[in-house]
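# Descriptive structure summary
Chain by chain, the residues:
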Amino acid sequence: MKIFVPLDSAAKALGADEVAAAIQIEAGNRGLDVTVVRNGSRGMVWLEPLVEIEIDGTRKAFGAVTAEDVPSLLDGTLESLGTVEDIPFFARQTRLTFARCGLIDPLSLAEYEAHGGLVGLKRALALSEEEIVAEVTNSGLRGRGGAGFPTGIKWDTVRKAVSARKYIVCNADEGDSGTFADRMLMEGDPFTLIEGMIIAGLATGATKGFVYIRSEYPDAIAVMEAAVRIGLKAGLLGTNVLGSGKAFDLEIRTGAGAYVCGEETSLLNSLEGKRGIVRAKPPLPALEGLFGKPTVVNNVLSLATVPVIMEKGAEFYAGFGLGRSKGTMPIQIAGNVRHGGLFETAFGMPLGELINDIAGGTASGRPVKAVQVGGPLGAYMPVSKFNTPFGYEEFDGQGGLIGHAGIVVFDDRADMLKMARFAMEFCAVESCGKCTPCRIGAVRGVETIDRIDAGDAGAVHLLTDLCDTMKDGSLCALGGFTPYPVMSALTHFPEDFARQKEAAE
Ligand SMILES: Cc1cc2nc3c(=O)[nH]c(=O)nc-3n(C[C@H](O)[C@H](O)[C@H](O)COP(=O)(O)O)c2cc1C
Ligand code: SF4
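Described below are features of the structure shown in this document. Think of each chain on its own: its residues are numbered from 1, step by step along the sequence as written. In the order they appear in the text, chains get letters beginning with A and ligands get numbers beginning with 1. Selection of residues for local features in this predicted model requires a pLDDT of at least 70, selection of side-chain atom pairs for listing and counting requires 80 or more, and totals for whole chains, interfaces and linings are taken over all residues. For the side-chain quantities, the full set of heavy atoms in the structure was used; hydrogens and water were omitted.

So, about the environment of C467. Considering the arrangement of structural elements, one finds C467 in helix α20 (residues 459-473). Accessibility here uses a 1.4 Å probe with only protein chains present; expressed as a share of the type maximum, an area under 20% marks a residue as buried, one over 50% as exposed, and anything in between as partly exposed. Residue C467 is classed as buried on the basis of its relative accessible area, which comes to 1%. Considering only alpha carbons, one finds C467 and V486, 19 residues apart in sequence, at a separation of 7.9 Å. Setting aside residues up to four positions removed in sequence, C467 forms contacts with M424, P483, V486 and M487. Strands are runs of DSSP state E lasting at least 2 residues, helices are runs of H or I lasting at least 4, and numbering of each runs from the N terminus. What makes two residues a contact is simply this: any of their non-hydrogen atoms within 4.5 Å.

Given below as structure tokens:
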């Protein structure tokens, strides 16, 4: 009998290690022949630890399992959820990037290959640089880290740059609030990311890659390091990738613990051992990046989506989605929701359907007041905008952004003035200090919101002015986008800013 217990850090935080240990002990006591496989997460965090028992090739799911449930789990008396594929939250997904996550042992290269792994890389090895880039360009893949820049165009710039040394840098700093897809992918299916990075190297002529993982992700770091060791031993990485004569080396680096180190130029400084301060652009990292060499900087999800594109073809991938938002997006649903977790779907699903239908509304049972989409720099979307389809241009048109596709839900008790203050405070704390609108502006922003809180209604126009200055004058999106949460809170929830005045009077 095979029993799957996730090693994902969210599952572990909810007791997966204790459940795995209890299964080993109980099975031993009963003399049962049980193999415990530590898989990745299936993404339904409210059901973690989600345990699956495989009998005759069928996997039955149980969740959320506690160590105390283990005797009844082995007795066969614990109520099952059926197969994971039958659970509505899972059944409604289109899993392309996350196809293998939770299904396989993350560190088994054999299982990886048995589930379609390395097909894309093998195809890429038979293509020219131009042909690989064309495939990625035609797939419509855009950067999943936040900016949505077309991945193929970035790769082509690096490909055309003339240099003896080029780099592929994977941005795994994942600092946005409510986001966890990069972590889940690295912990649950690390070879997909490695395969994507090797393909990026083949496409651009880069033979060295780095994965910059935030220090708060020790489990992801450990899994990625183990996967690199296995990849080297198996000849997937190193001087002769799958016997092709092509080289690709990969190193895992730990981040410095600053939100701004997720900004690509700041990340490059940090990788070089310098202070994580933003660089002015131009030059683009694609031309002068890590150690001054042409560098692809891509998010984990962008790179981890490349293998399926190469496996199934650009046309297949571009067949999903809406408008210029092609393919699927691993959406992360968090905050005050009943069913939080990772939901990969084709672009286009309306925001309200994701919140009310997929996530089942708030955990508190109270009405939704606002959802912040796209991390700490994303706008607060009111319920009136719930018909906005999930897509880059569609959100932009509503004064929002999808960013790394994290959704954080708030119920009617949220005080939007406090949320706006938090956005300014966050910017002040995390600012790299290079430019004045952000370094000073964010501090003044906190003070101005405190004045409004104290009943000074005249300070509202100052706040609006300040946001305009930060938006227009900041060097990077930390200072430049902080006005999104602030102004969306002010615009959509003016009563939360006026109410303070009445209290003061
Ligand atoms: C303040 C700030 C923080 C960022 N944090 C991240 C991050 O944690 N992960 C990420 O992939 N991109 C982050 N970005 C975006 C990167 O600068 C860059 O656009 C991205 O890594 C490019 O990869 P992509 O094209 O695959 O999205 C951040 C940007 C800013 C301004
Ligand atoms: S906007 Fe803020 S984080 Fe970005 S460069 Fe300026 S000071 Fe640094």
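From this point, the narrative continues.
To continue, consider the sheet that holds strand β3 (residues 51-55). Whether two strands pair comes down to DSSP finding at least two bridges between them. An order of β2-β1-β3-β4 is seen for the four strands of this open sheet, with the pairing classed as mixed. A single partner strand is all that each edge strand has here, and the edge strands are β2 (35-37) and β4 (58-62). Pairs of neighbouring strands in the sheet enclose a mean axial angle of 25°, with direction left out of account. Sheet topology places β3 next to β4; five bridges connect them, and they run antiparallel. By the bridge assignment, E54 is partnered in β4 with R59. In the packing of helix α2 (residues 16-30) onto the sheet, the strands contacted are β1 (2-4), β2 and β3, and the crossing angle to β2 comes to about 170°. Between the N-to-C directions of two axes lies an angle of 0 to 180 degrees, each axis being a line fitted to C-alpha atoms and, for a helix, fitted only over the stretch in contact.

All right, on to unusual backbone geometry then. Backbone torsion omega between G63 and A64 reads -15°, so that peptide bond is classified as cis. The linkage connecting P282 with the following residue, P283, adopts the cis geometry, with an omega of 5°. Of note in the backbone geometry, D56 takes a positive phi value of approximately 50° without being a glycine. Locating D56 in the fold gives a position in the loop between β3 and β4. Under the relative-accessibility criterion, D56 is labelled exposed at 78%.

What follows deals with the packing of helix α19 (residues 441-453) against α20. Packing of α19 against α20 brings their axes to within 9 Å, and their N-to-C directions diverge by 160°. Taken together, the axes of α19 and α20 are roughly antiparallel relative to one another. α19 and α20 meet at a crossing whose hand is left-handed. Of α20, the residues touching α19 (which contributes G441, A442, R444, G445, T448, I449, R451 and I452) are A459, V460, L462, L463, L466 and M470. Between 65 and 115 degrees an angle is taken as roughly perpendicular, under 35 as roughly parallel, over 145 as roughly antiparallel, and anywhere else as oblique. Helix crossings get a hand from a simple test, with the near helix turned counterclockwise from the far one by less than a right angle marking a left-handed crossing and a clockwise turn marking a right-handed one.

Limitation: the analysis is restricted to geometry and does not speak to function.
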